[in-house]
Amino acid sequence: MIRSKKITNAARGEDCTLEIVGVCNGNNETVVFAHFKDEQKGMGMKSSDVSGAFCCAACHDVVDGRVYNEGYAGFSDWYMRRATNRTLERLFEIGVLKVA
């Protein structure tokens, strides 16, 4: 499992990469690194830091199940895959991740 403060801290001030239609607040002051469910997530355990994305507070509430959104529920895999790709690309752009 990958744990990296550099990855999670990089979310501060970034744009939301999840951008759930009708949900995203567009406020980069609320963006944090949200972990998506994967095979490593369990009771009291977050998934790996490569299984997540930069999310505003509103999108994060939907991802974590605190708020239900029908549009997200039907397309959650697509949203998560797109957001993970966008986040990984941004992490390379800002130098947090590098190709050896």
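Residues numbered from 1 in each chain as written. Predicted model: local features only at pLDDT ≥ 70, side-chain atom pairs only at ≥ 80, totals over all residues. Heavy atoms only, no water.

S.K.: Sorry, what's going on with the overall build of the protein here?
M.R.: A count of helical and extended segments in the protein gives three helices and two strands. Listing the helices and strands of the protein from first to last along the sequence gives α-β-β-α-α. When the backbone C-alpha atoms are referred to their principal axes, the protein occupies close to 40 × 30 × 20 Å. For the protein, long-range pairs separated by at least 24 residues make up 63% of all intrachain contacts whose partners lie at least 6 apart in sequence. Total accessible area on the protein is roughly 6,200 Å²; 52% of this is exposed by carbon and sulfur atoms. Of the side-chain charges in the protein, 13 are positive and 13 negative, and the distance between the mean point of each set is 6 Å. (Helix = DSSP H or I, 4+ residues; strand = E, 2+ residues; numbered from the N terminus. Contact = heavy atoms within 4.5 Å. Areas by Shrake-Rupley, 256 points an atom, 1.4 Å probe, with all protein chains shown as cover. Lys, Arg positive; Asp, Glu negative; His and termini not counted. Charge placed at Lys NZ, Arg CZ, Asp CG, Glu CD.)

S.K.: Looking at this structure, how should I read the packing of aromatic side chains?
M.R.: What characterises a pair of aromatic rings is the spacing of the ring centres plus the angle enclosed by the ring planes. Tallied over the full model, the rule gives three aromatic pairs. Ring centres of tryptophan 78 and tyrosine 79 lie 5.2 Å apart, and the angle between their planes is 70°; this geometry places the pair in the edge-to-face category. Overall, the relative accessible area of 7% leaves tyrosine 79 in the buried class. Among the aromatic side chains, those forming a connected cluster through ring pairs are Tyr72, Trp78 and Tyr79. (Phe/Tyr/Trp six-rings, centres within 6.5 Å; stacked < 30°, edge-to-face > 60°. Buried < 20%, exposed > 50% of the residue type's maximum accessible area, 1.4 Å probe, protein only.)

S.K.: Explain the pattern of salt bridges to me, please; I cannot follow it from the model alone.
M.R.: A pair can form between side chains of opposite charge whenever their charged atoms are brought close. Tallied over the entire structure, the rule returns six salt bridges. The salt bridge partner of aspartate 64 is arginine 66, with a shortest N-O separation of 3.1 Å. (Salt bridge = Lys/Arg side-chain N within 4 Å of Asp/Glu carboxyl O.)

S.K.: Can you walk me through the nonpolar core in this structure?
M.R.: Soluble globular proteins: nonpolar side chains tend toward being buried together. Counting 23 residues, the largest nonpolar core has Leu18, Ile20, Phe36, Phe54, Cys59 and Tyr72 as its most contacted members. In terms of residue count, helix H3 (residues 70–93) provides more of this core than any other element does, five residues in total. Apart from residues no more than four positions distant in its own chain, cysteine 59 is found in contact with Cys16, Leu18, Glu19, Ile20, Val23 and Cys24. (Core = buried A, V, L, I, M, F, W, Y, C linked by side-chain atoms within 4.5 Å.)

S.K.: How should the environment of glycine 71 be read in this particular structure?
M.R.: Tracing the sequence through the fold places glycine 71 in helix H3. Note: C-alpha distance between glycine 71 and alanine 11 (60 residues apart in sequence) is 24 Å.

S.K.: Looking at this structure, how should I read unusual backbone geometry?
M.R.: Working note: non-glycine residues mostly have negative phi, and peptide bonds are mostly trans. Residues other than glycine seldom take positive phi values, yet glutamate 19 does so here, at roughly 45°. Following the sequence through the fold, glutamate 19 ends up in the loop between helix H1 (5–9) and strand S1 (32–35).

S.K.: Explain the side chain of glutamate 14 here, please?
M.R.: Looking at the secondary structure, you find glutamate 14 in the loop between H1 and S1. Only 2.7 Å separates the side chain of glutamate 14 from the side chain of arginine 90, close enough to count as a polar contact. Discounting residues that sit within four places of it in the chain, glutamate 14 has contacts with Asn28, Val31, Phe54, Arg90 and Ile94. (Polar contact = N/O pair within 3.5 Å; in protein donor to acceptor, adjacent residues only side chain to side chain.)

S.K.: When you look at H3 in this model, what are you seeing that I'm missing?
M.R.: With 24 residues, H3 extends 33 Å from end C-alpha to end C-alpha; this agrees with the ideal 34 Å at 1.5 Å per step. Remark: the principal bend of H3, roughly 75°, maps to serine 76. Buried positions along H3 lie against H1, S1, strand S2 (52–55) and helix H2 (57–63). For H3, the side-chain oxygen to backbone nitrogen distance between the N-cap and glycine 71 is 3.1 Å, and the N-cap itself is asparagine 69. Positive backbone phi, at 85°, marks glycine 95, one or two positions downstream of H3. (Expected span 1.5 Å × (residues − 1). Bend = angle between axes of the 7 residues up to and from the residue.)

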